[in-house]
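A closer look at the structure
Okay, here's what each chain looks like letter by letter:
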Amino acid sequence: MYVKIDFNSDEAIYIQLRNQIVYGIATSQVREGDQLPSVRDLADYIGINMHTVNKAYTILKQEGYIKVDRRKGAIVDVNINKMQAISDMKDELRATIAQAICKNISCEEVHEAVNDIFKEFERR
């Protein structure tokens, strides 16, 4: 699994790692049932603290993207309630759309941006 972390970013490393794994699932680079690297292996590979990887895995588990098995480790197990996911997405988008409105970005431009992002994740 390829993970790209920007150590100069203001975004926390565990959030970047969480996002990279979600992107991997969305683009089918990581599939349902795949085993993720152990906390230790991924931390060593990226060059970060094990607690940072553990925090990302904990969030992914809470969000329903992975399950953790004591013997097998972290396994991709997308178990998401669609209605709850839509509600959560709306909550997250509110701040982004408010910022867009403040910067005079139109609804059409937001739709275009969303469509562009969806195209990035289209399954091949």
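Here is a short report on the structure shown in this document. Note that the coordinates shown come from a computational prediction; the quantities given were computed from them, not determined experimentally.

1. Observations regarding helix H4 (residues 82-102)
The terminal C-alpha atoms of H4 lie 30 Å apart, and with 21 residues this matches the ideal 30 Å at 1.5 Å per residue to within 8%. Remark: the principal bend of H4, roughly 30 degrees, maps to Leu93. Downstream of H4 by a residue or two, Asn104 has a phi angle that is positive, lying close to 60 degrees.

2. Brief notes about the packing of aromatic side chains
Scanning the entire structure with this criterion turns up 1 aromatic pair. Ring geometry for Tyr23 and Phe121: centres 5.7 Å apart, planes at 50 degrees, overall tilted. Placement of Tyr23 in helix H1 (residues 13-26) and of Phe121 in the segment after helix H5 (107-120) is noted, with a sequence separation of 98 residues between them.

3. Here's the deal with the nonpolar core
Formed by 20 residues in total, the largest nonpolar core has its most connected members in Leu17, Leu36 and Tyr57. Only H1, helix H2 (39-46), helix H3 (50-62) and strand E2 (73-76) provide two or more residues apiece to this core. Here Leu17 is in contact with Val3, Ile5, Leu42, Ile46, Ile48, Val53 and Ala56, once residues within four sequence places are set aside.

4. What to know about H3
Over its 13 residues, H3 extends 18 Å from the first C-alpha to the last, a length consistent with the 18 Å expected when each residue adds 1.5 Å. By the burial criterion, the buried members of H3 are Val53, Ala56, Tyr57, Ile59 and Leu60. Projection of H3 onto a plane perpendicular to its axis shows the buried side chains occupying an angular sector of 160 degrees, all on one side. Of the residues in H3, the exposed ones pointing more than 90 degrees away from the buried face are His51 and Gln62. By the N-cap criterion, in which a side-chain oxygen at the helix start approaches the backbone nitrogen of a residue two or three places on, H3 is capped by Asn49, the distance to His51 being 2.7 Å.

What counts as what
- Residues numbered from 1 in each chain as written.
- Predicted model: local features only at pLDDT ≥ 70, side-chain atom pairs only at ≥ 80, totals over all residues.
- Heavy atoms only, no water.
- Helix = DSSP H or I, 4+ residues; strand = E, 2+ residues; numbered from the N terminus.
- Expected span 1.5 Å × (residues − 1).
- Bend = angle between axes of the 7 residues up to and from the residue.
- Phe/Tyr/Trp six-rings, centres within 6.5 Å; stacked < 30°, edge-to-face > 60°.
- Core = buried A, V, L, I, M, F, W, Y, C linked by side-chain atoms within 4.5 Å.
- Buried < 20%, exposed > 50% of the residue type's maximum accessible area, 1.4 Å probe, protein only.
- Contact = heavy atoms within 4.5 Å.
- Arc of directions from axis to C-beta.
- Polar contact = N/O pair within 3.5 Å; in protein donor to acceptor, adjacent residues only side chain to side chain.

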